[in-house]
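Below are the chains, spelled out letter by letter.
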Amino acid sequence: MSRSSTYQYYLSLTEHPYSHLIDTLNDGVKFFNPQKLNDPRYGKLPLSIRVLLEAAIRKCDGFYVKEEDVQNYLDWQEQQNVAEVPFPPSRVLLQDFTGIPAMVDLAAMRDALVKHGVDPYRVNPVCPTDLIVDHSLQIDFSKCAIQNTPNPGGGETQSQGAGPRQPPRGGGAHCGAARGSCGKGSCSDPPASPGKHPPAVQQIENSPLLCPFHLQPVSEQLTRWFPFGGSFQNVNVVPPDVGAVHQVNLEHLCRVVHVSDGLVYPDSVVGTDSHTTMINGLGVLGWGVGGIEAEAVMLGQPVALTLPQVVGCKLEGSINPLTTSIDVVLGITKHLRQANIAGRFVEFFGPGVSQLSVPDRTTIANMCPEYNATVSFFPIDQVTLKHFNKTSDQEKLELLESYMKAVNLFRTYEDSEEDPVYSEVIEIQLSSFIPYVSGPKRPQDRVAVSDMKVDFHSCLKEKVGFKGFHVAPDRLQTQVPFQHAGQEYQLAHGSLVIAAVISCTNNCNPSVMLAAGLLAKKAVEAGLGVKPYIRTSLAPGTGMVTQYLNTSGVLPFLSQLGFEVIGYGCATCVGNTAPLPEGVADAIKQGNLVACGVLSGNRHFEGRLFNCVSANYLASPPLVVAYAIAGTVDIDFEKEPLGVTPEGKEVFLRDVWPSREEVQQMEEDTVVSSIFQELNSRMEKGNALWSNLECPETAVFPWDQKSTYIRQPAFFHKLSKEVQPPRSIEHAHALLFLGNKVTTDHISPAGSISRVSAAAKYLLSKRLTPREFNSYGARRGNDAVMTRGTFASIKLMNRFIGKSGPKTLHIPSGQTLDVFEAAERYQREGIPLIILAGKDYGSGSSRDWVAKGPCLLGVRAIIAESFQKLHQTQLLGMGILPLSFLPGQTADSLELSGKEKFSISLPEELALGHALTVQTSEGKSFGVTALIDSEMDLIYYRHGGLLPYVARTMI
């Protein structure tokens, strides 16, 4: 059956194999009602599995989704963790960093169809797709006079009505100028030369906040062309200036239920961002996938997954009034991480669930990447309905409630007899949570705030490891003086140099942001401040946050402490921030100090913020502000003052910490439905600069050969009409010899582009200066940059080299080269490549180029002790074969040096879990298993990857 005929098949309800399940609500809207199966197993299924089952019933076409798949869902108790099932989500969510590469691939696929004489307009997303254009931000300035610019932070001004943020006067004329610096006298950065530009431009010259379009104009043009000039169907582009993907998904795109073609059904989503899981707090099933998986769903392919186990998380007890949602989040995160739930669904139930607001739930759901769950699902209940009563019209609310109750997707917690059967149940007492921070190197290492001083001293003395820094006893009291802005300061171990309240996790919960604002207000009124050399920033998820901070009157106080709105999106936690002041960086290096950063996100691996900032802690927004005021993490808030006023009065944290009642009252007064309406208004009005971009009306994209942001990728250059049998791997060399726990951060390009990297050499060859490099994220649409950035992490530990860094050994010559340069030489020599690795290869969340990069480097196979399941699928989706050593065997036990030549014979009829043999040039042979677990993955691999497979279905 062809793809086009399958769509017609399931759209014809009269011929649908489950047409007998079609039911009608009181308003005449039809729906598939699984309860009409009259199968007692349905009522015992976890509600997240019921959502998957409904999708399988509705999309059952006999091709992608079969009746046996529906039966496997119903038989979940027996088939969990065994059966491979398809899941066709309701929509796809793309953000700029990973969404633009997906658009680049689809544009290139149109080019490939043209070469084969096929109508390029056949390439269209089949599944509704939303793209958020300016999710990711790069911080170029700190403590700038942003609040004095026209309409600061993109929020509403006090005197003007709703409307999109206006660019600075003359901004268009100055787009493309070299990045300047802040002109504010008190700015930490050197002042810009006066008189060159209008005042607003002098304040933040070339700042992405005020003029994002000069940075990557071809990328912005592509986002315009995709839905308009290229006439791609089923695409909705959220223009710049609206918000980060997580927030826009929650506040605007979330449907909870869809109505399409006369049918109502549950909303569900896969997104190219690991924090797509946040949407589960609203009762919408969704999780993050890689760019190639998202492209597959866009083009009509279901997500292939092993029927997941579902862990029931039972919440009991009452939340301590002094505990913030972040404390609850980190507490639950620790419990779930210790429960070893990697790759499983988590579903919350129990009497404690009703105490969690929707913002609390979305915050918890957002932390899925930290405890490795696929989703953390909160079913629709009375709290959810109360939330939507503020944000939706009455008609939609009535449809939502009546439909969810009709299909038994609505939860109450009074009667435990209604509880589903779970794979496992974890009980958590909410009353056990107290304020914590997390660090100094890993998010799972929590530290009670009351123990912070003692724990930090312990970390200084411990041997280097997950927490230790091994500072010599005679260096523990080291203090280094330095000059900043004409004044002398001192740094010591524990001194704070970065304090960031950022978009991820926290700003979806207004209570913690308002608590931070109230604390700032009380601190300023008490005469406290933040030292000017500390890199402070406030990057909320949407203008909604700016608005309620402004409306509540606390934003000016945050600004006085240096926490000014720099924009909306990912920033500090992905390394997108300005360099530390030179004096600060020199002092840290001079004293070999363990300097600290505190941020309110959920990513803080060692060295991720800055190489010289060794200790990084996750904390709630009010604690970020508190530590910024203190200027150090080496403090006991109970016994030591937060600061001293100019009059010499000691002010303790307890003196300025807002009560739970204060926060709740402010939340009621400021966070109302009008804020959500404002976001909708911003969506409707759009962005004038973006709307006025040139948008050619052509079926194929007019690639700009001079662009260093967007480039036609090489994935279709050798596309043939017929599928070729798998090619055996003959006399391959190992590009890398890696150990355990190689994460996607080690593999996929992320953060700033080092001046000595292979990517930098490429950009220099294009006559760019280092100040114009931007970041890997901004250049994800250029495969030449991204291939060079693959395995370019400074933390990559390659056994060929013996120390961390993005280097490897070119085995034939014995030369040490950049990974890209070695791969390029191997390709010129016609030598195929493999990678040797240990356990848990590919864990983590930077998913977009994590398989594309190795593919373009020429890697044919990866042999590891174990893989993260998702990454295993991603490799197959790019035509790379994941192979596992046999149980009990490793590269060391087989006495492999990695310098051998490896040959792997592949049969024409490669099967699921095929046992293969690897022959080495040293005469050794050993067995491996091909980790191909589903028929769809096998199809992808046979075609050389997902993209060639989809293209061939059209030619």
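Just so we're clear, the structure is a prediction, and the values are computed from it rather than from any experiment. (Residues numbered from 1 in each chain as written. Predicted model: local features only at pLDDT ≥ 70, side-chain atom pairs only at ≥ 80, totals over all residues. Heavy atoms only, no water.)

A. Spotlight on the pattern of salt bridges. Inspection of the entire model under this criterion finds 28 salt bridges. Linking E525 and K521 is a salt bridge whose minimum nitrogen-to-oxygen distance equals 2.9 Å. Here K521 and E525 lie together in helix 17 (residues 510–525), a separation of 4 residues that amounts to about one turn. In this structure, the salt-bridge partner of R799 is D892, at a minimum N-O distance of 2.6 Å. One end of the pair, R799, is in the loop between helix 28 (783–789) and strand 27 (807–810); the other, D892, is in the loop between strand 31 (881–885) and strand 32 (902–904), with 93 residues separating them in the sequence. According to the relative accessible area criterion, R799 is partly exposed, its value standing at 40%. A network of salt bridges, in which partner residues are shared, links R91, D130, R255 and D267. (Salt bridge = Lys/Arg side-chain N within 4 Å of Asp/Glu carboxyl O. Helix = DSSP H or I, 4+ residues; strand = E, 2+ residues; numbered from the N terminus. Buried < 20%, exposed > 50% of the residue type's maximum accessible area, 1.4 Å probe, protein only.)

B. Just unusual backbone geometry, in detail. Look at the link from G439 to P440: it is a cis peptide, with omega at 15°. Along the chain, P440 falls in the loop between strand 16 (436–438) and strand 17 (446–448). Not every positive phi belongs to a glycine, and R767 is a case in point at roughly 65°. Structurally, R767 can be placed in the loop between helix 27 (758–765) and helix 28. Residue class for R767 comes out exposed when judged on its relative accessible area of 79%.

C. Region of the structure containing the nonpolar core. Among the nonpolar cores identified, the biggest contains 219 residues, and M109, W287 and Y841 are the most heavily contacted of them. The leading source of residues in this core is helix 5 (residues 96–115), at 10 residues. Residues in contact with Y841, not counting those within four places in the same chain, are L738, V742, I747, F791, I835, I862, A864, S866, F867, Q868 and H871. (Core = buried A, V, L, I, M, F, W, Y, C linked by side-chain atoms within 4.5 Å. Contact = heavy atoms within 4.5 Å.)

D. Structural view of helix 21 (residues 621–630). Within helix 21, 10 of the 10 residues are buried, which leaves the element mostly enclosed by the surrounding structure. Regarding helix 21, the residues found buried are P621, P622, L623, V624, V625, A626, Y627, A628, I629 and A630. Trailing helix 21 by a residue or two, G631 shows a phi angle of about 80°, which is positive.

E. Inspection of the pairing of strand 8 (residues 263–266) at higher detail. Residues L263 and Y265 of strand 8 are buried on one face, and the alternating residues V264 and P266, pointing to the opposite face, are buried as well. Where strand 7 (residues 257–260) meets strand 8, 4 bridges bridge the pair, whose relative direction is antiparallel. Opposite H258, over in strand 8, you have Y265 as the bridge partner. Taking the residues between adjacent antiparallel strands as the criterion, strand 7 and strand 8 are bridged by 2 residues, where D261 takes a positive phi near 55°. (Pairing = 2+ DSSP bridges.)

F. Fine view of the packing of aromatic side chains. Scanning the entire structure with this criterion turns up 20 aromatic pairs. With a centroid separation of 5.5 Å and 90° between ring planes, the pair formed by F31 and Y403 is classed as edge-to-face. One end of the pair, F31, is in strand 2 (residues 30–32); the other, Y403, is in helix 15 (residues 394–406), and 372 residues separate them in sequence. Of the two residues, F31 and Y403, both sit in the buried class. With centroids separated by 6.4 Å and ring planes inclined at 70°, the aromatic side chains of W225 and F226 adopt a geometry described as edge-to-face. An identical accessibility class is assigned to W225 and F226; each is buried. Following the ring pairs from residue to residue traces out a cluster consisting of W225, F226, F232, F701 and W703. The ring of F469 carries K441 above its face, with NZ or CZ at 4.6 Å from the centroid. Here R799 stacks its cationic end above the ring of F737, 4.2 Å away from the centre of that ring. (Phe/Tyr/Trp six-rings, centres within 6.5 Å; stacked < 30°, edge-to-face > 60°. Lys NZ or Arg CZ within 6 Å of the ring centre and 35° of its normal.)

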